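Summary of the model geometry
Chain by chain, the residues:
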Amino acid sequence: MRRAGFSLARRLCATGAGPLCNRAAHELQAGSVACFSSMPRAGGSAASLAAATWTEAALPGAVRAFRSSATQLADVTVSVPSMGESITEGTVAAILKQPGEVVVEDDVIAQLETDKVTMDIKYQNKTPGIIKSIQAAEGDTVSVGQDFAVVEENAEAAAGAPTAGKEEAPAAGKEETPAAGKEEAPAAGKEAPAQAPSPPKPAAAPQPPKPAAAPQPPKPAPKQQQQQQQEAAPPAPGQRPERRVPMTRLRRRVAERLKGAQNTYAMLSTFNEVDMTNVMEMRRELKDAFLERHGVKLGFMSAFVKAAGAALQYVPAVNGVIDGNDIIYRDYYDISVAVATPKGLVVPVLRDVDQMSFADVEKKINEFGRKARDGTLSIDEMAGGTFTISNGGVFGSMLSTPIINPPQSAILGMHATNMRPYVVNGQIMPRPIMNLALTYDHRLIDGREAVTFLKRIKEIVEDPRRLLLDV
């Protein structure tokens, strides 16, 4: 700003406004800005320009104008970020920022819906800015690297936006009450005297301001507009009401993968039942100590995850996969845990479960559940996996045949635990029993291996000491 002021002082000297030139240079050298408003006006265009400029420079808004004029604003292009391996495009689910709004670092401009998760398009620059344009609409399909928005950098945008709102509020209030006849009204702006009633007609009060037009609602996206039209259309005579809603990208992808698994795999299911008495007793006795020690509640999923990890090592074929004419046996044990969300099924992955403790498993499952509800699961957290566990028991399911999650070769289905009559040591006793189902690819896994695998899980859950003794 001081550089701009020195430039103005040089212009004054060139036009012959000597006293003004000397005083302007002196005040600028001292770092003063407010003194411009107190300098006398002199004749001549250059002096008038100087006085007007100094008067404006005394205002806070003009100080910002001086500073911004000295700095060249740059446009920043916000592109569609990488969405993970094998994902090249997504659908714009929601646009959270509109042109003219201020954004700062890490502000979310829009949300994209991909085949697996919902991702954010963020403004990543440290310098705040103002959105100039959005180059896509809700419902549009965008590709990785595509330009999505243009933001004009403005270091004072974040601080100036709320200040401007506060300064405009009193001015607006004065303009809305011109009939009060007070002399403070002209102070709201230079155009106020021109709007005041002429003296010969004192009785003629100025017309009350017209009420501001109601802001028009934003134009709905094509997908929303189509849905609104369908909802608004009355059903034809004799026709039952119905709604047509487009499938989300995640739902379409889940449908494609599940149908592809049915078309590719020779799926077969085997069943068993597990007595939950011992694991429930262990949880009842140690849950308080477990919570105090590890800061997380002890559930049943950790027991099944650890049992499945041990069974995968016991029966390596279940951890393998067919690739063309070859069989790939994975020597690592990453278990996917199916989580239901309002937008569809997601399967985050617990990696290296053979090296995890019960507490590690419970903490990770809780973290995945929270992220799934918030829609913040990343692509990396759902990539990979050699085996899947689906717990339909939380919804009360008694029995099901789950579908394999490609490219894996098997999936374990857990179900609800219910008290049933059970034979124990020759006596019929009530026991908490859970049905287990294992769906496997019969092209790779024989019946003997599948039954052995499921029986191994049953044995470990019924007697967790087997994990310690490896028997």
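The grouping of Phe271, Met398 and Leu399 at the surface amounts to a nonpolar patch, some 290 Å² of accessible area in total. In this fold, Leu399 is placed in the loop between β16 (387-391) and β17 (410-424).

It is worth spelling out the packing of aromatic side chains at this point. The description of an aromatic ring pair rests on the distance of the ring centres and on the angle between the ring planes. Summed over all chains, the structure comprises one aromatic pair. Judged by centre distance (5.3 Å) and plane angle (65 degrees), the ring pair of Phe387 and Phe453 falls under edge-to-face. Taken together, the residues span a long stretch of sequence, with Phe387 in strand β16 and Phe453 in helix α12 (residues 447-462) at a distance of 66 residues. Given a relative accessible area of 0%, Phe387 falls into the buried group. A relative accessible area of 0% means that Phe453 is categorised as buried. Sitting over the face of the ring of Tyr314, Arg456 holds its NZ or CZ atom 5.1 Å from the ring centroid.

Here the focus is the packing of helix α10 (residues 301-314) against helix α11 (residues 358-374). Packed helix pairs are specified by the crossing angle of their axes together with the interaxial distance, meaning the distance between the axes. Direction vectors running N to C along α10 and α11 enclose 115 degrees, while the axes themselves pass 9 Å from each other. When you trace α10 past α11, the crossing you get is right-handed. Touching Met301, Ser302, Ala303, Val305 and Lys306 of α10 are Phe358, Val361, Glu362 and Ile365, all from α11. A class-by-class count of the residues in the contact of α10 with α11 yields six nonpolar, one polar and two charged.

Moving on: α12. The terminal C-alpha atoms of α12 lie 22 Å apart, and with 16 residues this matches the ideal 22 Å at 1.5 Å per residue to within 8%. Those residues of α12 lying buried are Glu449, Ala450, Phe453, Leu454, Arg456, Ile457, Lys458, Ile460, Val461 and Glu462.

Here we take up the environment of Pro99. When you line up the elements, Pro99 lands in the loop between β2 (89-95) and β3 (102-103). A relative accessible area of 46% places Pro99 in the partly exposed class. Pro99 sits 31 residues away from Ile130 along the chain, and the two C-alpha atoms are 7.5 Å apart. In this structure, Pro99 is in contact with Ile131, Lys132, Ser133 and Ile134, ignoring residues within four places of it in sequence.

Our focus in this paragraph is the sheet that holds strand β7 (residues 141-143). The strand order across the open sheet built from four strands is β5-β4-β2-β7, with neighbouring strands paired in antiparallel fashion. The sheet is open, and its two borders are formed by β5 (118-123) and β7, each paired with just one other strand. Mean inter-strand twist for the sheet, computed between neighbouring axes without regard to direction, equals 45 degrees. With six bridges joining them, strand β4 (residues 107-113) and β5 adopt antiparallel strand pairing. Looking at β5, one finds that Gln111 is bridged to Asp120. Against the sheet, helix α8 (residues 249-264) engages β2, β4 and β7, with an angle of about 150 degrees to β2.

Conventions and cut-offs
- Residues numbered from 1 in each chain as written.
- Predicted model: local features only at pLDDT ≥ 70, side-chain atom pairs only at ≥ 80, totals over all residues.
- Heavy atoms only, no water.
- Patch = residues over 30% accessible without salt bridge, like charges linked within 9 Å, V, L, I, M, F, W, Y side chains within 5 Å.
- Areas by Shrake-Rupley, 256 points an atom, 1.4 Å probe, with all protein chains shown as cover.
- Salt bridge = Lys/Arg side-chain N within 4 Å of Asp/Glu carboxyl O.
- Helix = DSSP H or I, 4+ residues; strand = E, 2+ residues; numbered from the N terminus.
- Phe/Tyr/Trp six-rings, centres within 6.5 Å; stacked < 30°, edge-to-face > 60°.
- Buried < 20%, exposed > 50% of the residue type's maximum accessible area, 1.4 Å probe, protein only.
- Lys NZ or Arg CZ within 6 Å of the ring centre and 35° of its normal.
- Axes fitted to C-alpha atoms, helices over the stretch in contact; angles between N-to-C directions.
- Left-handed = near helix turned anticlockwise from the far one by under 90°.
- Contact = heavy atoms within 4.5 Å.
- Nonpolar A, V, L, I, M, F, W, Y, C, P; charged D, E, K, R; others polar.
- Expected span 1.5 Å × (residues − 1).
- Pairing = 2+ DSSP bridges.

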